[in-house]
Amino acid sequence: MDLDAFTELLTPRGRRALAEAGELAGADPVVAATTLRRTYDAALTSAALTQAGLRERARAKFGADAGRMFFTPHGLEQSTRAEVAAHRARRLLALHGARAPRVVDACCGVGGDLLALARAGCTVAAVDTDPLTVAVARANAEAFELADRVTVTLADAADVRPEDHDVLFADPARRTGRGRTFDPLAYSPPWPVVLDLVSRARLACLKVAPGIPYEFIPEGAEAEWISYKGEVKEATLWTGSRGGRRATLLPGGHTMTATGVRAPVGAPGRFVYEPDGAAVRAHLVGEVAELVGGRLLDPMIAYVTADEPVDTPWAAAYEVDDILPFSLKRLRTALRERQIGNVTIKKRGSAVDIERLRTDLRLKGDKSMVIMLTRIADKPSVILCKPSPPA
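We now turn to the structure provided with this report. Counting restarts for each chain: residues are numbered from 1 in the order of the written sequence. Under the rules for a predicted model, residues below a pLDDT of 70 receive no local features and side-chain atom pairs below 80 are neither given nor counted, while totals for whole chains, interfaces and linings still include all residues. Side-chain measures were taken over the full set of non-hydrogen atoms in the model, leaving aside hydrogen atoms and water.

1. Observations concerning the environment of Val110
Working step 1: Helix and strand definitions here come from DSSP, where helices need a minimum of 4 consecutive H or I residues and strands a minimum of 2 consecutive E residues; each element is numbered from the N-terminal end. Residue position: Val110 is located in the loop between strand 1 (102–105) and helix 7 (112–119).
Working step 2: For Val110, a relative accessible area of 3% gives the class buried.
Working step 3: Distance from Val110 to Pro73, taken between C-alpha atoms, is 9.9 Å for residues 37 residues apart in sequence. A 1.4 Å probe rolled over the protein chains alone gives each residue an accessible area, and that area as a share of the maximum for its type sets the label: buried under 20%, exposed over 50%, partly exposed in between.

2. Re the sheet that holds strand 1
Sheet strands pair by backbone hydrogen bonding; their relative direction is either parallel or antiparallel.
Working step 1: Strand order in the open sheet made by the nine strands is 3-2-1-4-7-9-8-10-11, with mixed pairing throughout. Strands with a single pairing partner mark the edges of an open sheet, and in this sheet they are strand 3 (150–154) and strand 11 (254–257). Across the sheet, the mean angle from the axis of one strand to that of its neighbour is 20°, orientation sign disregarded.
Working step 2: Two strands pair under a simple rule: DSSP has to find at least two bridges between them. As judged from the four bridges shared by strand 10 (residues 244–250) and strand 11, these two strands associate in the antiparallel manner. Opposite Thr248, over in strand 11, you have Thr255 as the bridge partner. Orientation is described by axes fitted as lines to C-alpha atoms, over the contacting stretch for helices, and by angles from 0 to 180 degrees between their N-to-C directions.

3. Points about the packing of aromatic side chains
Working step 1: Aromatic contacts are taken between Phe, Tyr and Trp rings whose centres are within 6.5 Å, Trp giving its six-membered ring; a plane angle under 30 degrees counts as stacked, one over 60 as edge-to-face, and the others as tilted. All chains considered together, the criterion is met by four aromatic pairs.
Working step 2: Ring geometry for Tyr187 and Trp191: centres 5.9 Å apart, planes at 85°, overall edge-to-face. Exposure class is identical for Tyr187 and Trp191. Each is buried.
Working step 3: Remark: a charge is flagged as sitting over a ring if the NZ atom of Lys or the CZ atom of Arg is within 6 Å of the ring centre and within 35 degrees of the ring normal. Its end group placed over the ring of Phe144, Arg119 keeps NZ or CZ at 4.6 Å from the ring centre.
Working step 4: The ring of Tyr303 is capped by Arg348, whose NZ or CZ atom sits 5.3 Å from the centre of that ring.

4. Here's the deal with helix 8 (residues 131–143)
Working step 1: Across its 13 residues, helix 8 extends 18 Å between first and last C-alpha, which sits within 8% of the 18 Å expected from 1.5 Å per residue.
Working step 2: Buried residues of helix 8: Leu132, Thr133, Val134, Ala135, Val136, Ala137, Ala139, Asn140 and Ala141, and no others.
Working step 3: Residues are treated as being in contact if the distance between any of their heavy atoms lies within 4.5 Å. Here the buried face of helix 8 lies against helix 1 (3–9), helix 7, strand 2 (123–128) and strand 3.
Working step 4: Note on helix 8: the residue one or two positions beyond its end, Glu145, has a positive phi of about 55°. Expected span, for any helix, means 1.5 Å times one less than how many residues it has.

5. Considering the nonpolar core
Working step 1: In plain words, nonpolar cores are sets of buried Ala, Val, Leu, Ile, Met, Phe, Trp, Tyr and Cys residues tied together by side-chain atoms within 4.5 Å. If you look at the biggest cluster of nonpolar residues, it comprises 52 residues, and the most contacted ones within it are Phe6, Phe71, Leu114, Leu117 and Val152.
Working step 2: In contact with Phe71, not counting residues within four places along its chain, are Met1, Gln51, Leu54, Arg55, Ala58, Phe62, Ala66, Leu76, Val110 and Val136.
Working step 3: Counting residues in hydrophobic clusters, the runner-up holds 47 residues, among them Val194, Ala204, Phe216 and Ala247.

6. What to know about the pattern of salt bridges
Working step 1: Note on definitions: salt bridges are taken to be side-chain nitrogens of Lys or Arg within 4 Å of carboxyl oxygens of Asp or Glu. Evaluated as defined, the whole model comprises 28 salt bridges.
Working step 2: We note a salt bridge from Glu234 to Lys207, for which the minimum N-O separation is 4.0 Å. Of this pair, Glu234 sits in strand 9 (residues 231–239) while Lys207 sits in strand 7 (residues 203–208), placing them 27 residues apart in sequence.
Working step 3: The buried category is assigned to Glu234, whose relative accessible area is 4%.

7. What about the sheet that holds strand 17 (residues 367–376)?
Working step 1: Reading across from one edge, 13-14-12-15-18-17-16 is the order of the seven strands in this open sheet, with mixed pairing throughout. Edge positions in the sheet fall to strand 13 (295–296) and strand 16 (340–347), since each of these pairs with one other strand and no more.
Working step 2: Sheet topology places strand 13 next to strand 14 (residues 304–306); two bridges connect them, and they run antiparallel. Bridged to Arg295 within strand 14 is Thr305.
Working step 3: The strands touched by helix 11 (residues 285–292) within the sheet are strand 12 (271–275), strand 13, strand 14 and strand 15 (315–325), with strand 14 carrying the most contacts at an inclination of about 15°.

8. Structural notes on the environment of Val152
Working step 1: In this fold, Val152 is placed in strand 3.
Working step 2: For the pair Val152 and Glu219, spaced 67 residues apart in sequence, the C-alpha separation works out to 31 Å.
Working step 3: Ignoring anything within four residues of it in the chain, the contact list for Val152 reads Cys108, Leu114, Ala126, Val134, Ala137 and Arg138.

9. Let's talk about the side chain of Glu224
Working step 1: Position of Glu224 relative to the elements: it lies in strand 8 (residues 222–228).
Working step 2: Look at Glu224 and you get buried, because its relative accessible area is 0%.
Working step 3: A distance of 3.0 Å separates the side chain of Glu224 from the side chain of Trp238, its partner in a polar contact.
Working step 4: Contact partners of Glu224, with chain neighbours within four places excluded, come to His87, Arg91, Glu234, Ala235, Thr236, Trp238, Arg246 and Thr248. Within 3.5 Å is the distance limit for a polar contact, defined as a pair of N or O atoms, with the added protein rule that one can donate a hydrogen and the other accept it, and that residues adjacent in sequence qualify only through two side-chain atoms.

10. Looking at the pairing of strand 1
Working step 1: For strand 1 and strand 2, the ladder comprises four bridges, and the chain directions are parallel. Residue pairing in the sheet places Asp105 in a bridge with Ala126 of strand 2.
Working step 2: Strand direction decides the pairing type here: strand 1 and strand 4 (residues 167–170), joined by three bridges, are parallel. In the strand pairing of strand 4, Val104 is matched with Leu168.

11. Some remarks on unusual backbone geometry
Working step 1: Between Ser188 and Pro189 the backbone carries a cis peptide bond, its omega angle lying at 0°.
Working step 2: Structurally, Pro189 can be placed in the loop between strand 6 (179–180) and helix 9 (191–199).
Working step 3: Here Leu250 and Pro251 are connected by a cis peptide whose omega angle stands at 10°.
Working step 4: Inspection of the secondary structure puts Pro251 in the loop between strand 10 and strand 11.
Working step 5: Phi is positive for Gln339, which is not a glycine, with a value near 60°.

12. Some thoughts on the packing of helix 12 (residues 328–337) against helix 13 (residues 354–361)
Working step 1: Running from N to C, helix 12 and helix 13 cross one another at 60°; their axes reach a closest spacing of 10 Å. On the basis of the axis angle, helix 12 is oblique to helix 13. As for the relative orientation of helix 12 and helix 13, their crossing is right-handed in sense. Only Leu357, Asp360 and Leu361 of helix 13 make contact with helix 12, whose side of the interface consists of Leu328, Leu331, Arg332 and Leu335. Put simply, angles under 35 degrees are roughly parallel, angles over 145 are roughly antiparallel, angles from 65 to 115 are roughly perpendicular, and the rest are oblique. Left-handed describes a crossing in which the near helix is turned anticlockwise from the far one by less than a right angle; the clockwise case is right-handed.

Have a look at this one:
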């Protein structure tokens, strides 16, 4: 989809084509294209079907709003889930401490965060370097009647003047011509440009990959890892406020900050707890262990063991059935004796290939079990367990 084709989608005729394409969602692609071609030319047909397909995919991130939004394939992939963007907008307002802050969005993409910020009451000046992406972001602001709070300009992030605004927001692109990148120096704009912008901002909010190396976190920044329904989605770096580490669980809104507590290491108990990935990324396993009255099985592994069941959103609990030194033969025998035909395999601190192990186990039976591959006292071990119901 090019800029001309997208611009035509915004005309009355284009919107009719898009509505008809939406009604054909799920139909055979050839049938859908043939149906639209009876009324529209090839370029508009292609643009409408592409956009309808993107809207359908976007429902997982944006819910019902996806039906009113516009996307590019890359923009949809990079965009923030609506619940996460709304959480970040609320925190930004709380940290700024005043109504209607002026935010500059230095690389706005299709505008997922831009919409959340504007809906929260911010005035947003956004930029992007791609003409199509700028047009899409503008269309999204107009679709939700937020154009009075939003301006979107074709410009380079390096030319942004954060000192002219209350808050800097930046979501650098994390893809190159070779695909996704985990190296901040390969972000677009590159990390040095981002840090220069941050150095001139009163308050800055940076969206980054959850695996960002700690050495790239600006000194004095708070790093917040965000998990949505148990899956770590991203990290947010906040500068201009107090530093530290934080984990947040959505949609519940639970949040935890570092207290410096260190978990003891001890013998396996009746239960094993698997901390949420956001807590693990934020190095808050000690805090989770304290919550459940537990201890680590191994000082380098993020599995917590305890003697009593504790219901907490910060960890999944499993009741231990047995603990064995790792041995394929011994594990296969143990599962056969228990008539286990289906296993959920988890691992931390183990080099075992999960899919190969699943095949090698040659499971037979009608029961299920969770097996954890890990180290206990630095020895390869396997924990046989089952999910524990809430206490």
